[in-house]
Amino acid sequence: MKYYSILLLISVVLGICSCKNQNMEKNLFIVKDLLGQNLVLPDSLIFFNSDGQSIDVTIQKTKYRIVMYVDSIGCISCKLKLAKWKQFIVDVDSLSERNTSFLFIFYPKMKKDIFYALRNDNFTYPVCLDLGNKFYNANKIPDDMMLQTFLLDKDNKIIALGNPIHNSKIKDLFLNIISGGTGKTMHKHLSGCPTVRVMFPIWMMCTLVETD
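Everything in this summary refers to the structure shown in the same document. (Residues numbered from 1 in each chain as written. Predicted model: local features only at pLDDT ≥ 70, side-chain atom pairs only at ≥ 80, totals over all residues. Heavy atoms only, no water.)

With that settled, the discussion passes to the overall build of the chain. In terms of regular secondary structure, the chain is built from seven helices and nine strands. Looking at the chain as a whole, 49% of its 212 residues qualify as buried. Considering only contacts in the chain between residues 6 or more positions apart, those separated by 24 or more positions represent 67%. With an accessible surface of roughly 10,900 Å², the chain has 51% of that area assigned to carbon and sulfur atoms. (Helix = DSSP H or I, 4+ residues; strand = E, 2+ residues; numbered from the N terminus. Buried < 20%, exposed > 50% of the residue type's maximum accessible area, 1.4 Å probe, protein only. Contact = heavy atoms within 4.5 Å. Areas by Shrake-Rupley, 256 points an atom, 1.4 Å probe, with all protein chains shown as cover.)

Positive phi, normally seen in glycine, also occurs at K81, with a value near 50°. On the secondary structure map, K81 appears in the loop between α3 (76–80) and α4 (82–96). We note that N156 has phi near 65°; this positive angle belongs to a residue other than glycine.

What follows is about the sheet that holds strand β7 (residues 158–161). Taken together, seven strands build an open sheet; the order of strands is β2-β1-β5-β4-β3-β6-β7 and the sheet is mixed. Pairing within the sheet leaves two strands with one partner each, and these edge strands are β2 (54–55) and β7. Strands β3 (64–71), β4 (100–107) and β6 (149–152) of the sheet are contacted by α4, whose axis makes an angle of about 155° with β4. Against the sheet, helix α5 (residues 111–120) contacts β1 (47–48), β4 and β5 (127–129), and its axis sits at roughly 170° relative to β5. (Pairing = 2+ DSSP bridges. Axes fitted to C-alpha atoms, helices over the stretch in contact; angles between N-to-C directions.)

Relative to each other, α4 and helix α7 (residues 168–178) sit at 25°, their axes nearing to 9 Å. Relative to α7, α4 is oriented roughly parallel. In the crossing of α4 with α7, the sense of the turn from one axis to the other is right-handed. Across from F88, D91, V92, L95 and S96 in α4, the residues of α7 making contact are K171, F174, L175 and I178. Among the residues making up the contact of α4 with α7, the classes are represented as six nonpolar, one polar and two charged. (Parallel < 35°, antiparallel > 145°, perpendicular 65-115°, else oblique. Left-handed = near helix turned anticlockwise from the far one by under 90°. Nonpolar A, V, L, I, M, F, W, Y, C, P; charged D, E, K, R; others polar.)

Below you can see the structure in the form of structure tokens.
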């Protein structure tokens, strides 16, 4: 029931249940398939600072972990929004007593673009450059960038996914789970929505929630 409830909430927030979304069934299957799965973190990940220097970082086991993956397709700075990530890290730390870690994994076409973006936003959190794209190949990473950020439990199981920077409702969901809730704050978005059967049990149908 835990994953079912979270799946329902994510579906509503992402607009997966909207008849206007042509990818409704595809995205619904993706979310359903990923929830509860273990996210593989390859041992070959190399950490860098904003100056492009490799650094030694041990991936600590924490109660929660947020993993963000970004490929080289399109505008890197548009995808990253590092200033918002910096504030989100502060928000998470204040709720979780630093029991939530972050892992930023980049598959860059041009490394210099990543480091320029990091320096430009004064982003000092260590990042991983996965030059062989081993993280992507070891996991079922969706092509949609809105589904490439994962909230994991202490065993690296996916308990929620979605982009908390581009979608404030996903941000609320992540923060609610991390603070000890079960996503209940998202129930307000279900009020007034009709129900519809979508190849699964009864789902709440809401219109597409726009990104920020």
